[in-house]
Amino acid sequence: DRYTNAIGRTVSVPYTPVGNVVKTVHFLLNGEEIDTLETSSTGTVLSYSVPAQEHGAYLFEMFISAFVGGTYVETDHVFKDIIWYDESKNTPVIGCYMRSDYYGTISSRQYDTIPIVFNVFDPKTSSPKYTIVVDDTIVDSGVMNDSQGVYRYKGDNIGVHNVDIYVGDVVFTYNTDGKVS
């Protein structure tokens, strides 16, 4: 999921805790916990307001933890790509919830295709030009007709590989480590 918002505005993210137990909802921004909330609510849609940020791309993450029968459990982590933009800036912003810079190299299997979804805000145009480079070789380029693009990376070779997405002078890097299928 993605959100694009002007600077100075909060982003409201809905979530629904379930389970008849006291739970802790964890909210992280760029890998750092920014808030927690304790709740016994179940099945009710709640909302969290992510504080406004500066011009740039941010990774919002949330999950719920609890102790059930004395055992610590946590839900799957939910990720949201949030872009805050300042129209007075000339710098494009590239967002992607698959963030190697916060969560390390992503493991994959040889010959699998990984859809890398990326979001772009370019204050200079509604149709930004992009270039995709895999291991220092240009593999794709074009003009975006929407603010969201998808590059389907197919890892034919075993080992660590870099996928770089360029918009103007801004680059987003995705690292994958291909394992034997």
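Overview of the structure. (Residues numbered from 1 in each chain as written. Predicted model: local features only at pLDDT ≥ 70, side-chain atom pairs only at ≥ 80, totals over all residues. Heavy atoms only, no water.)

So, about the overall build of the chain. Helix and strand content of the chain: 1 helix and 16 strands. Across its three principal axes, the chain shows a C-alpha extent of roughly 50 × 45 × 25 Å. Here the chain holds 181 residues, and 41% of them are scored as buried. Taking as baseline every contact in the chain between residues at least 6 positions apart, the subset at least 24 positions apart corresponds to 64%. Of the roughly 9,800 Å² of accessible surface on the chain, a fraction of 47% belongs to carbon and sulfur atoms. (Helix = DSSP H or I, 4+ residues; strand = E, 2+ residues; numbered from the N terminus. Buried < 20%, exposed > 50% of the residue type's maximum accessible area, 1.4 Å probe, protein only. Contact = heavy atoms within 4.5 Å. Areas by Shrake-Rupley, 256 points an atom, 1.4 Å probe, with all protein chains shown as cover.)

Note that strand β12 (residues 129-134) and strand β13 (residues 137-143) share 6 bridges and pair antiparallel. In the sheet register, isoleucine 132 faces β13, and the bridge partner there is aspartate 140. (Pairing = 2+ DSSP bridges.)

Let us look at the sheet that holds strand β15 (residues 159-167). The strands making up a sheet associate through hydrogen bonds between their backbones, and the pairing can be parallel or antiparallel. A sheet is described by the order of its strands in space; here 5 strands give the open sequence β10-β16-β15-β12-β13, paired in mixed fashion. With partners counted over all chains shown, the strands left at the sheet margins are β10 (106-109) and β13, one partner each. For this sheet, the mean angle separating the axes of adjacent strands, direction not counted, is 25 degrees. In terms of strand pairing, β15 meets strand β16 (residues 170-179) through 9 bridges, oriented antiparallel. Pairing of histidine 161 across the sheet is with threonine 176, part of β16. (Axes fitted to C-alpha atoms, helices over the stretch in contact; angles between N-to-C directions.)

Turning next to the environment of serine 49. The topology assignment puts serine 49 in strand β5 (residues 46-50). For serine 49, a relative accessible area of 44% gives the class partly exposed. The sequence separation of serine 49 and aspartate 81 amounts to 32 residues, and the corresponding C-alpha distance is 14 Å. Once residues lying within four places of it in the same chain are set aside, the contact partners of serine 49 are Thr10, Val11 and Ser12.

What follows deals with the pairing of strand β3 (residues 23-29). The element β3 is largely enclosed, with a buried count of 6 among its 7 residues. The sheet contact formed by β3 and strand β4 (residues 32-39) spans 7 bridges and is antiparallel. Bridge pairing in β4 links valine 25 to leucine 37. Counting the residues that bridge the hairpin from β3 to β4 gives 2 residues, and of these asparagine 30 lies at a positive phi of roughly 55 degrees. Relative to strand β6 (residues 56-68), β3 runs antiparallel, the two being bridged by 6 bridges. If you follow threonine 24 over to β6, its bridge partner there is serine 65.

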